[in-house]
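Chain residues, written in single-letter form:
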Amino acid sequence: MLKRLSLATAALGLLAAPALQAEDEVEMTRGEAELQEMLEGRIAGEPERCIRTTRSRSLTKIDDTALVYRSGDTIWVNRTRNPNAIDDNDYLVIRKFSGNSLCRSDQITTYSRAGNFYSGFIVLDDFVPYRMGDADAS
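Computed from a predicted model, the values in this text were never measured in an experiment.

Draft legend 1. Geometry of the packing of aromatic side chains. Summed over all chains, the structure comprises 2 aromatic pairs. Here the aromatic rings of Tyr91 and Tyr111 are separated by 5.7 Å at their centres, their planes lie at 25°, and the arrangement is stacked. Here Tyr111 lies in strand E8 (residues 107–112) and Tyr91 lies in strand E6 (residues 90–95), a separation of 20 residues in the sequence. Here the aromatic rings of Tyr111 and Tyr118 are separated by 6.0 Å at their centres, their planes lie at 80°, and the arrangement is edge-to-face. Look at Tyr111 and you get partly exposed, because its relative accessible area is 24%. Residue Tyr118 is classed as partly exposed on the basis of its relative accessible area, which comes to 47%.

Shown next, in the form of structure tokens:
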């Protein structure tokens, strides 16, 4: 009887193992994979409320994931408070409250490229700088 109980318990454990493994493994979205590739070899710095921008540079949109701004060797990532509003089919209209900076208090509305109609808004969060890691540090 004890042997049957042990076998039954082992069988149940085997059935539950794939479910536990599936919970631990989260499938990476296309946007997350794109961002991970962009940030490969870089180390995150302290988040900042604002970043200095220039007119000639633009934000890169990564669908359902983040807004990215490059400045020299630094990649600034803003995951926003509502990343699902980031869509490559939309264009962004940014209302800045400070001339040379982009801040989390700035307002971004989105408009459809197809019909030029309002499609939503994006609420910025802090900007996280990613810089190349020091190879000698490891």
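Structure's up, so let's keep going.
Draft legend 2. Focus on the environment of Thr65. Within the fold, Thr65 resides in the loop between strand E3 (60–62) and strand E4 (66–71). Along the chain, Thr65 and Thr80 lie 15 residues apart, while their C-alpha atoms are 8.2 Å from each other. When sequence neighbours within four positions are dropped, the list of residues in contact with Thr65 reads Thr29, Gly31, Glu32, Leu35, Arg79, Pro83 and Ile86. Reaching out from Thr65, the side chain makes a polar contact with the backbone oxygen of Asp63 at a distance of 2.9 Å.

Draft legend 3. Highlighting the state of the cysteines. In this structure the tally under the stated criterion is 1 disulfide. Here Cys50 connects covalently by a disulfide to Cys103, the sulfurs 2.0 Å from one another. Because the sign of the S-S torsion sets the handedness, a value of about 115° for the bond joining Cys50 and Cys103 places this disulfide among the right-handed ones. Residue Cys50 is located in strand E2 (residues 50–52), and its partner Cys103 is located in strand E7 (residues 101–103); the two are separated by 53 residues in the primary sequence.

Calculation criteria
Residues numbered from 1 in each chain as written. Predicted model: local features only at pLDDT ≥ 70, side-chain atom pairs only at ≥ 80, totals over all residues. Heavy atoms only, no water. Phe/Tyr/Trp six-rings, centres within 6.5 Å; stacked < 30°, edge-to-face > 60°. Helix = DSSP H or I, 4+ residues; strand = E, 2+ residues; numbered from the N terminus. Buried < 20%, exposed > 50% of the residue type's maximum accessible area, 1.4 Å probe, protein only. Contact = heavy atoms within 4.5 Å. Polar contact = N/O pair within 3.5 Å; in protein donor to acceptor, adjacent residues only side chain to side chain. Disulfide = S-S within 2.5 Å.

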